[in-house]
Amino acid sequence: MSSPDTLHLVCPHCHTTNRVALQHLSSAPDCGKCHQPLFTGQPVALDAASFDRHLSRSDLPLLVDFWAPWCGPCRMMAPAFEAAAAQLEPQLRLAKVNTEDEQALAARYQIRSIPTLALFWQGREIARQPGAMGQADIVRWTRAALARPR
Ligand SMILES: [Zn+2]
């Protein structure tokens, strides 16, 4: 864990762990390694290796859209998920896992239908919701899940 006034953030470009002061979180911090923005307002596409880095090394909750290219509802939800990323960053990291390419990840989390949204925090899954949602519902569901006592 970081001290209360800093956060560990994993870069969406090079997946290096950065330490960012809480007060700088909202002022568009750059990655210390690749110098690209740590927040892009876009979901980051993760494979098994980068998923584990974001899961285990970031202090931010990780909201993952498990999807596949052949899935119509997944493609319909994609713009809503992107809009939700712009709204929820920098309090959360939003990510997409293509279950066609990352079958081991989908199996590890027993993804039975797509799209499925899963919310991870401090290395474990805290909520899951199968089925396509609009932007407002994604944001509302995520905030409600994070507000629940654990
Ligand atoms: Zn980077």
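Details of the structure are given in the entry above.
This is a predicted model, so every value here is computed, not measured. (Residues numbered from 1 in each chain as written. Predicted model: local features only at pLDDT ≥ 70, side-chain atom pairs only at ≥ 80, totals over all residues. Heavy atoms only, no water.)

## Regarding the coordination of the zinc ion
Around the zinc ion, the protein contributes the donor atoms Cys 11 (SG), Cys 14 (SG), Cys 31 (SG) and Cys 34 (SG), which lie 2.3 to 2.4 Å from the metal centre. Each of the four donor atoms around the zinc ion contributes to a set of angles spanning 104 to 114 degrees, which defines the coordination as tetrahedral. Read in sequence order, the donor residues coordinating the zinc ion give the pattern C-x2-C-x16-C-x2-C. Linking Cys 11 in the loop between strand S1 (6–10) and strand S2 (17–21) with Cys 34 in the loop between S2 and strand S3 (44–45), this pair joins segments that are 23 residues apart in sequence. (Donors = N, O, S within 2.8 Å, 3.2 Å for Na, K, Ca; no water. Tetrahedral: all angles 85-135°; square planar, octahedral: opposite > 155°, others 65-115°. Helix = DSSP H or I, 4+ residues; strand = E, 2+ residues; numbered from the N terminus.)

## Details of the state of the cysteines
By the definition in use, this model includes one disulfide. Shown here is the disulfide that connects Cys 71 with Cys 74, its sulfur atoms set 2.3 Å apart. With the S-S dihedral at roughly 85 degrees, the linkage between Cys 71 and Cys 74 falls on the right-handed side. Residues Cys 71 and Cys 74 agree in their burial class; the two are buried. (Disulfide = S-S within 2.5 Å. Buried < 20%, exposed > 50% of the residue type's maximum accessible area, 1.4 Å probe, protein only.)

## Let's talk about the side chain of Thr 99
Checked against the element boundaries, Thr 99 lands in the loop between strand S5 (93–98) and helix H3 (103–108). Apart from the residues within four sequence positions on either side, Thr 99 is in contact with Phe 66, Trp 67, Ala 68, Ala 106 and Ile 114. (Contact = heavy atoms within 4.5 Å.)

## Observations concerning the environment of Pro 69
Here Pro 69 is to be found in the loop between strand S4 (62–67) and helix H2 (72–88). Considering only alpha carbons, one finds Pro 69 and Asn 98, 29 residues apart in sequence, at a separation of 7.5 Å. With residues up to four places along the chain from it excluded, the contact list for Pro 69 reads Arg 75, Asn 98 and Glu 100.

## Topic: the nonpolar core
Within the largest apolar cluster, 19 residues are counted, with the highest numbers of intra-cluster contacts made by Phe 51, Val 64, Phe 66, Val 97, Tyr 109 and Phe 120. Broken down by element, this core gets its largest block of residues, three residues, from S4. If sequence neighbours within four positions are ignored, Tyr 109 has contacts with Phe 51, Leu 55, Phe 66, Phe 120, Glu 125 and Arg 128. (Core = buried A, V, L, I, M, F, W, Y, C linked by side-chain atoms within 4.5 Å.)

## So, the side chain of His 54
Of note, His 54 is situated in helix H1 (residues 48–57). Taking the relative accessible area as the measure of exposure, His 54 reaches 2% and is therefore buried. With residues near it in sequence (within four places) discarded, His 54 still touches Val 10, Cys 11, Pro 12, His 15, Leu 46, Leu 62 and Arg 93.

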